Amino acid sequence: MSRGLAVFVLMLSGVLLLAAPAQSHELRPAIATVSFDAPGRLQLHLSANLEALIAEIGPGHDDTSESANAAGYDRLRALAPEDLRAELDRFAPRLLAGIEISLDGSRVPLSLAEADIPQTGDTDLARISDLRFAANVSAGAENLLWRFDPAFGDSVIRLARGCLLYTSDAADDFAVV
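Here goes a summary of the coordinates provided. Since the model is a prediction, treat every value here as computed from it, not as a measurement. Chains are numbered independently. Their residues run from 1 in the order of the written sequence. Two thresholds apply to this predicted model, a pLDDT of at least 70 for residue-level local features and 80 or more for giving and counting side-chain atom pairs, whereas whole-chain, interface and lining totals are computed over all residues. Side-chain descriptors were evaluated using all non-hydrogen atoms of the structure, hydrogens and water having been removed beforehand.

Turning our eyes to something else, we now look at the sheet that holds strand E4 (residues 106–107). In short, DSSP must find at least two bridges between two strands for them to pair. The helix count covers DSSP runs of H or I at least four residues long, the strand count covers runs of E at least two residues long, and both are numbered beginning at the N terminus. Spatially, E4-E3-E7 is the arrangement adopted by the three strands of the open sheet, whose pairing is antiparallel. Sheet topology places E4 and strand E7 (144–148) at the edges, where each strand pairs with a single neighbour. Judged from the two bridges that link them, strand E3 (residues 99–103) and E4 form a sheet pairing that is antiparallel. Following the sheet pairing, Leu103 is matched in E4 by Ser106. Residues count as neighbours in contact if any of their non-hydrogen atoms are within 4.5 Å of one another. Axis geometry follows a simple rule: fit a line to the C-alpha atoms, using only the stretch in contact for helices, then measure angles between N-to-C directions, giving values from 0 to 180 degrees. Contacting E3, E4 and E7, helix H4 (residues 81–98) crosses the sheet at an angle of about 45° to E3.

Turning our eyes to something else, we now look at H4. Bend, in this description, refers to the angle at a residue between axes fitted to the seven residues ending there and the seven starting there. Where H4 bends most, the angle comes to about 55°, and this point is Phe91, followed within four residues by the proline Pro93. Contacts made by the buried residues of H4 are with helix H2 (50–55), helix H3 (70–77), E3, strand E5 (111–116), strand E6 (129–136) and E7.

We now examine the pattern of salt bridges. Where charged atoms from two side chains of opposite charge come close, those side chains can pair. Salt bridge, as applied in this entry: a Lys or Arg side-chain nitrogen positioned within 4 Å of an Asp or Glu carboxyl oxygen. For the structure on display, the rule yields eight salt bridges. Among the ionic pairs, Arg90 bridges to Glu87, the shortest N-O distance being 3.0 Å. Here Arg90 and its partner Glu87 are both found in helix H4, three residues apart, which amounts to about one turn of the helix. Between Glu114 and Arg132 there is a salt bridge, with the nearest N and O atoms lying 3.6 Å from each other. Residue Glu114 is found in strand E5, and its partner Arg132 is found in strand E6; the two are separated by 18 residues along the sequence. For Arg132, a relative accessible area of 26% corresponds to the partly exposed category. For every residue, the accessible area obtained with a 1.4 Å probe (protein chains only) is divided by the maximum for its type, and the residue is called buried under 20%, exposed over 50%, and partly exposed between those limits.

By secondary structure assignment, the location of Pro93 is in helix H4. Look at Pro93 and you get exposed, because its relative accessible area is 56%.

Here it is in C-alpha cells:
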C-alpha cells in the first residue's frame, strides 16, 4: 500500500470514529411481556432503563445525552438501587398513568408488584431494571390494547402463549385476536 493511501485510510478511520455516536447511553425500547399466569390474573413484566423512564427521556433521542433531561438522567443513573427505588415509588403514579392495558375496552387497573433494580455499576452503561405489575381481570377477554406514554420512549410488547398481534388505526395501538 502506498504511503499516501495509508495516510488517507488512517485519516478516514479517525473521522469515522469521531463521527460515530456515543454508545454508553444508547436508548433501547422498554420490553413489556404480558401474560395470564392464572385465570383472572394478568402479569406485566417490564424490562427497561428505569432512569430513562423517570427522567422521561422520550423517543426523540438515540442517546440520553441528547435530551434536555440528560442531567436528571445522569443523577438517577448514579443512585444506589434503594435510592432509585425511592424515586420509582415517587414516580409510580405517573408511570401507572402512562401504561395502559385494556381488555375488551376496559382499562386494567395495574399495580406495581415488584422492582428488581441492579447495582449502580458502570455509569457509562445503561442499567436495565425489571418491573413487575399485576392486575385482576375478568376471564374471557378477546381484545387487548397496549399503550405506552411516548414520554417514556419506545416499547415492544410480547404476549405469552402465542397471541396474534395486529396494529389498529392508531400508530401506537396493538390488539390481540
